[in-house]
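An overview of the molecular structure
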Amino acid sequence: MQNSKFQEFETDLKRNQKSAGQKLSTFFYNEETGEFMGRTAGSWGKILLFYVIFYAALAALFSVCMATFLQHYINPRVPRLQQDYGVIGTSPGLGFRPLPEDVRSTLIWYKGTGYDSYSYWEDQLIDFLSVYKKKGQTAGAGQNIYNCDFQNPPPPGKVCDVDIRDWHPCTQENHFSFHKSSPCIFLKLNRIFGWRPEFYTGEDDLPQDMPVGLQEQIRNITSENIHRGNMVWVSCQGETPADRENIGPLRYIPQAGFPGYYYPYNNAEGYLSPLVAVHLQRPKTGIVINIECRAWARNIMYDRKERIGLVHFEIMIE
Amino acid sequence: MRSRSSSLSSITDLFRPSNPTGLRSRDLSSTRLSALKKEIQTDAHLIPLKDLYTNLETDPVSGLRKEQAHRRLAYDGPNTLTPATQYGWPLLLFKSLCTGFSTLIWLGAILCLTAFVIERATKLDPGTDNLYLGCVLITVDVICGLFSFFQNYQSCKIMKSFKSMIPMHTRCTRDGVLDTEMPVRDLVKGDIVEVRAGDVIPADIRIIDSKGFKVDNSSLTGESVAVSRSNVEGTENILDSPNVAFFSALCVEGYAKGVVLCCGDLTALGRVAGLAARLQPKPSPLAQELHRFMRYVSVWALTLGFVVATACFALGYPFMQTIIFVIGMIVANIPEGLQPTVTASLTLTAKRMVSKNCLVKNLESIEALGACTTICSDKTGTLTENKMCVRHIWMWNREFMMATDGDDSMYQHKAFEHLKICAALCSSATVENETIRGDASEKAILNFLLQFNDPIGIRGNFPKVAEIPFNSVNKYQMSIHSDSQTKYLLVIKGAPECILTKCSTIMAENKEVAITEETAAVIDKVIENLAGTGERILAFADLQIDATQFDLNLDFDMDEANFPLKDLRFLGLMGLIDPPRKEVRSAIEHVRSAGVRVMMVTGDHPATARAIASDVGIATQRDCRVVTGAELRRMTPDLLTKTLEKHYEIVFARTSPTQKLQIVEACQKLGGVVAVTGDGVNDAPALKCADIGISMGITGSQVSQHTADIILIDDNFATIVVGIEEGRKIFDNLKKSVCYILISNVPEIFPVFMFVLFSIPLPLGVMTILCVDLGTDMWPAVALSFEQAESDVMSRPPRAGPLVSPRMLALTYGHLGLMEFAAGMFAYFVVMAEFGFYPKDLFGIRKQWDCEAVNDLPDSLGQEWTYWERKEAERAGQAAYFAAVVVAQMTNGIICKTRYNSIFHVGMRNMVLNMGLVFELLLACFVCYTPGLNTFLRTYPLPLKWWFLALPYSALMFAFDELRKYCIRKRLFRAWYNNITLY
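A brief report on the enclosed structure follows.

Topic: helix α21 (residues 517–532) of chain B
All names here are of chain B. Taking 1.5 Å as the rise per residue, α21 with 16 residues should run 22 Å; its terminal C-alpha atoms sit 22 Å apart, in good agreement. Of the residues making up α21, those classed as buried are T519, I523, V526, I527 and L530. One side of α21 carries all its buried residues, which in axial view fall inside an arc of 100°. In α21, the exposed positions angled more than 90 degrees off the buried face are occupied by E517, E518, K525, E528 and G532. Immediately downstream of α21, the backbone of G534 shows phi near 80°, a positive value.

Remarks on the interface of chain A and chain B
Quite often, the size of an interface is put as the accessible area lost when its parts meet. Chain A puts 56 residues into the contact, and the matching count from chain B is 54 residues. When chain A packs against chain B, close to 4900 Å² is buried across both sides, 63% of that on carbon and sulfur atoms. Run the count over chain A and chain B and you get four salt bridges. The partner of R80 of chain A in a salt bridge is E834 of chain B, with the nearest N and O atoms 2.9 Å apart. Summed over the shared surface of chain A and chain B, the number is 13 residue pairs in polar contact (both at pLDDT 80 or more). When residues of the side of chain A that touches chain B are traced back to their parent elements, those giving at least two are α1 (2–7), α4 (41–73), β3 (94–97), β7 (184–189) and β13 (310–317) of chain A.

Side note on the nonpolar core
Counting residues in each nonpolar core, the largest one holds 250 residues, and the members touching the most others are F186 and F313 of chain A. If one sorts the elements of this core by residue count, helix α33 (residues 806–835) of chain B sits on top with 19 residues. Dropping the residues within four chain positions of it, F313 of chain A is found in contact with F96, T106, I108, I185, L187, I289, N290, I291 and C293 of chain A.

Looking at the sheet that holds strand β4 (residues 107–110) of chain A
Residues and elements named next belong to chain A. Taken in spatial order, the five strands of this open sheet run β4-β13-β12-β8-β10, and their pairing is mixed. Looking at the sheet topology across the chains shown, the edges are occupied by β4 and β10 (257–259). On average, adjacent strands in this sheet sit at an angle of 20° to one another, irrespective of strand direction. In the sheet, strand β12 (residues 288–296) pairs with β13 via seven bridges, with the strands oriented antiparallel. Within β13, the position partnered with E292 by the bridge is H312. In the packing of helix α7 (residues 212–224) onto the sheet, the strands contacted are β8 (231–238) and β12, and the crossing angle to β8 comes to about 155°.

What about the pattern of salt bridges?
Applying the stated rule across the entire model yields 39 salt bridges over all chains. Among the salt bridges present, the one from K188 of chain A reaches E864 of chain B, with a minimum N-O distance of 2.7 Å. One end of the pair, K188 of chain A, is in strand β7; the other, E864 of chain B, is in strand β28 (residues 864–865), on a second chain. For the residue pair K188 of chain A and E864 of chain B, the accessibility class agrees, reading buried in each case. The salt bridge involving R569 of chain B is made with E512 of chain B; its shortest N-O contact spans 3.3 Å. Of the two residues, R569 of chain B sits in strand β20 (residues 568–577) while E512 of chain B sits in strand β18 (residues 512–514), which places them 57 residues apart along the sequence. Given a relative accessible area of 8%, R569 of chain B falls into the buried group. Exposure remark for E512 of chain B: the relative accessible area of 46% places this residue in the partly exposed category. Three or more residues joined by partner-sharing salt bridges are found here, namely R97 and K188 of chain A together with D856 and E864 of chain B.

Description of the state of the cysteines
Across all of its chains, the model carries three disulfides over all chains by this definition. Covalently, C236 of chain A is tied to C293 of chain A through a disulfide, its sulfur atoms 2.0 Å apart. Residues C236 of chain A and C293 of chain A are joined through a disulfide that is right-handed, its torsion about the S-S bond being 110°. Of this pair, C236 of chain A sits in strand β8 while C293 of chain A sits in strand β12, and the two are 57 residues apart along the sequence. Relative accessible area serves as the criterion here: at 0%, C293 of chain A is assigned to the buried category. Here chain A pairs its bonded cysteines, counted in sequence order, in the arrangement 1-2, 3-4, 5-6. C358 of chain B forms no disulfide, and the closest cysteine sulfur to it belongs to C372 of chain B, at a distance of 13 Å. Summary of cysteine pairing: C372 of chain B is not part of a disulfide, and the nearest cysteine sulfur, belonging to C376 of chain B, is at 8.9 Å.

Comments concerning the packing of helix α14 (residues 364–371) of chain B against helix α29 (residues 719–743) of chain B
If you want to describe how two helices pack, look at the angle between their axes and the distance between the axes. Residues and elements named next belong to chain B. Relative orientation of the contacting elements α14 and α29 amounts to 95°, with a least axis distance of 6 Å. By the angle between their directions, the pair α14 and α29 is classed as roughly perpendicular. Here I366, E367, L369 and G370 of α14 lie close against α29, whose contacting residues are I720, G723, I724, G727, R728, I730 and F731. Partitioned by chemical class, the residues of the contact of α14 with α29 number six nonpolar, three polar and two charged.

Quick look at a nonpolar patch on the surface
Residue and element names in this part refer to chain A. There is a patch of nonpolar side chains on the surface, built from L24, F27, F28, Y29, F36, M37 and W44 and spanning about 700 Å² of accessible area. Tallying contributions element by element places helix α3 (residues 20–28) first for the nonpolar patch, with three residues. With respect to the helices, strands and loops of the structure, W44 is situated in helix α4. A residue is classified by how much of its surface remains accessible, and W44, at 32% relative accessible area, is partly exposed.

Some thoughts on the sheet that holds β3 of chain A
Residues and elements named next belong to chain A. In space, the four strands of this open sheet follow the order β3-β7-β11-β9, with antiparallel pairing throughout. The strands lining the two open edges of the sheet, one partner per strand, are β3 and β9 (250–253). Mean inter-strand twist for the sheet, computed between neighbouring axes without regard to direction, equals 25°. Across five bridges, the pairing between β7 and strand β11 (residues 275–280) is antiparallel. Residue pairing across strands places F186 opposite A277, the latter belonging to β11. Those strands touched by helix α5 (residues 115–133) are β3, β7 and β11, and its axis lies near 50° from that of β7.

Cut-off values and rules
- Residues numbered from 1 in each chain as written.
- Chains lettered and ligands numbered in written order.
- Predicted model: local features only at pLDDT ≥ 70, side-chain atom pairs only at ≥ 80, totals over all residues.
- Heavy atoms only, no water.
- Helix = DSSP H or I, 4+ residues; strand = E, 2+ residues; numbered from the N terminus.
- Expected span 1.5 Å × (residues − 1).
- Buried < 20%, exposed > 50% of the residue type's maximum accessible area, 1.4 Å probe, protein only.
- Arc of directions from axis to C-beta.
- Contact = heavy atoms within 4.5 Å.
- Buried area = accessible area lost by both parts, 1.4 Å probe.
- Salt bridge = Lys/Arg side-chain N within 4 Å of Asp/Glu carboxyl O.
- Polar contact = N/O pair within 3.5 Å; in protein donor to acceptor, adjacent residues only side chain to side chain.
- Core = buried A, V, L, I, M, F, W, Y, C linked by side-chain atoms within 4.5 Å.
- Pairing = 2+ DSSP bridges.
- Axes fitted to C-alpha atoms, helices over the stretch in contact; angles between N-to-C directions.
- Disulfide = S-S within 2.5 Å.
- Parallel < 35°, antiparallel > 145°, perpendicular 65-115°, else oblique.
- Nonpolar A, V, L, I, M, F, W, Y, C, P; charged D, E, K, R; others polar.
- Patch = residues over 30% accessible without salt bridge, like charges linked within 9 Å, V, L, I, M, F, W, Y side chains within 5 Å.
- Areas by Shrake-Rupley, 256 points an atom, 1.4 Å probe, with all protein chains shown as cover.

Here is the structure:
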């Protein structure tokens, strides 16, 4: 009885079933229909053509938007959003040179005696200072240079000179004093378009946390010439009491600050950031010294965590 | 014979309380399940009683010996139903925390925390970003997990409701002593028990001795018909066997003494209960769809993550950076908003269904109803009212249809008066406190008579003198009443063929006529016709016995029959039927036009089943296949499948609970999504196994309601049609939601590629990605489920395509997503340029940009930026990108409203979506402008003008999509475009 019942389905049972492998190979190339990956060549062509046109149109719209914006709204020499209107703010940070090879590191590390060991740092500095030496060769720099003075700020379009030739011992000829285990580190203040420092003027308004040495120096200088006090002052010291001991005496060349006449920065041709060379005269060797340098002006904020108004680096001389 | 008893002993072993077979608990449970799925194989009801006593070592008079009973109790366990092993809530919680995307999110969170720990161990002042992100991811995961946990935490109450059907005490004889207060749980195999009217049978028993014993097996068969059980020869199928009474059946009449064949889980009901409790229903179609989608997305996300990680290592990126890329990839790819969207749209639909008197217990089942391809419907109580009523009356030469409430000619028919009296006297149903008690057919007759006059009054006028109750041999019931006119009235009711042979005259319009051969032929024809409609036919006849012939004081001797029982006067026929519910026919019509196959699976007789099937429109063709339970038992599973494939209209009759289950499983094996409607305990396994179990709220038994996914509170079958429509709408709208969610994936993934390949600062951060996925995208995605149903939703076949088709991917990833990405990049470049970083200088800057040590990074204008300053710029750029994505997603919300029609045609009438779009913008503003929150989420208070940067792209997207839909509607380019992007 069961068999007779099955017979009515006999025809249905014979179905051509394919194995998974066959299905896959048919998917890649179906001989019957000439389909490749489920589509014929013509079909693939159409799709390709469609997407080419579609993406070309999309890219065109993007380019048109971008070009319109860049040409009509962007001035190649002046940022649209300046200082507080943007995010750069009004409180510049500091930068130091020479920089280590690995951008993530801030450690200046060399063996005190061997040339091979400090040549990298020396080359870095030579490279960095080259623009300061060959002013005539940089575009527009030569003719734009103006002899600035505290009473004599540069007129618009002109830039002040930074003379680094007689910064002994921090000179190229002296290997920036690296070979004597008393290296020179160059500091510069970050450029912010249009930013003007507000100087500490009187004796009374010097901040409490300013190093006593610097305070004295400022008093001496300002008592000599009130205009020479228009400086963004710089001070460096060890981060921890131990570091402060290890760091030894420091010397700032040419002086402990950036003269005020370099500001504001207006992206003029040939502008050079003023520099301060910090000479570590007798740093302790064989130990990492954490150094923090601060810039001092009334509108330079200080925040160690967000690194506002300071720069941090380490030195290790073996 | 041997193999049978050995299989019986093995199944007995399987259900012993102390797991004896040494199987692991999981193996044991699956072995038990497969044992339960088989039909009961036993010969205990076939062998002579004497052999049975020997097998069971019992004695019909004195019962078991006490110590033996105790031994058996200790060995086999008590006569109760063991609940299936249930997972504790911790496991359930763990499962809901680790399903779907959760695992991936956990992976992301662990990566974040690892990154944080590494950073903390290696750096002096570690950033807390990774910690925050890890915590946010964990929070997201836990919330989603708890969400689905509470959804899953429907504790199984099935066993409890089975337990309520078990009686507490019974009468049992042991050691020759009758214990009337024997606890039912102490019964063992071989015990001799006594059952009386009103009792619930305490175990499966074989009848030894009985008197007028009738049981209602509705808990097993679903048919509430009282059937007689006595000590007669058994039939092969134990469920039909007239010498066995089953556990939990109600004894309606009479008395019986029986020997216990099996107890507890091994009883017929125990098996049904065990099956219903142990069956693990397949995941719902929606869950399957989502699962598949999640699997693809997970593989895709992990592949991308892996590719990016490999590329990073090859390019020499540090480990930490790589981890962040991988996290970004994972977070961007996972549609975190999908699960809440699905749950929300299901919950909302379920709420709407409650107002239509449809309780959705299992949320996903409402969507499954939309996908449903086959409905297996029980007959009694589901398609019909489970209430017998008189539908046809035939009196000489006239047939009256009662459903249409008759015409006056019936009242004028002379025979009707006599029929009424006869029926009133014959019906054994009684009225107690306004409720009618008795057998279903008797109740139907009394109900029918109550429409016309007072049958109770008639009974008072004709006191009963003697009666022969119904029995299955005679197939009639007769009583003699004394008439006030000093006469006796003999009334008889029974199967038409045996009544007809006793009649010589028939009551015609006004006079009595003799039954000739022609008249007999006419009556036979009528009976045949009525039987064809599935009605139960009762014939009525009476006879006036003259008092002169019989003394009034004469004792009628029923056994001797000292009275005439021939030459009766035939009065008429009544056709009784359990009528189909009114709304069922049109509902089934609707369901079938929606491409859903409707089958009937019932425990009732084939003829009745067939008749009701054609009545309600399940069987419309003559060749509708009727498969009986006996036939089904002989079928191989293969043959059943073939039969299901070959015949579109099938009626299964006389099926047992396990067979119902087999049918459902066979349909599912054919790839169908099966809905089962049922109301009885016998439907419970099928309800549980089906993709959608639908039970009735009024007639449904407690067990079926506990098992079901959906309960029709007012028993209205038509609600199923609404359910199908809602289910299909959910799926359609879910597609729109998924499309909407997927579009925003592209602008989330590509920034990481830009970051890796072109080394630009990261255009979109991980936190901002989460803001889009779990914040701004949420409401619009949910609101898309409020879209109106498309007009053709009920005229097309059940869905075949997956939730996320290649076409949808082509549209989201290939078209709209890229436009959104372009919008985001444009906004990002513009903002960066305004700060001073022109696009050409951004390329390749990444290494210095992301390095905290670089304190003086020059921009295009020579300004020098400290780390924190440029991170602020990056934040602003990312926020602008975010704003562009939000604006573009608002456009997408409008685009996704319709898959086919123009938006100008559809309009913006979905207020929830409109509000959602406004909310999206407000939330984006909130995220950007709230102090504190914007630092935490790495957004930035953007100036107003930057919000408009994405507008050209929004316009392009909108225009493009309208054009696309236009092409699709007009089937331009030979419908080429339809095949690519119509999802």
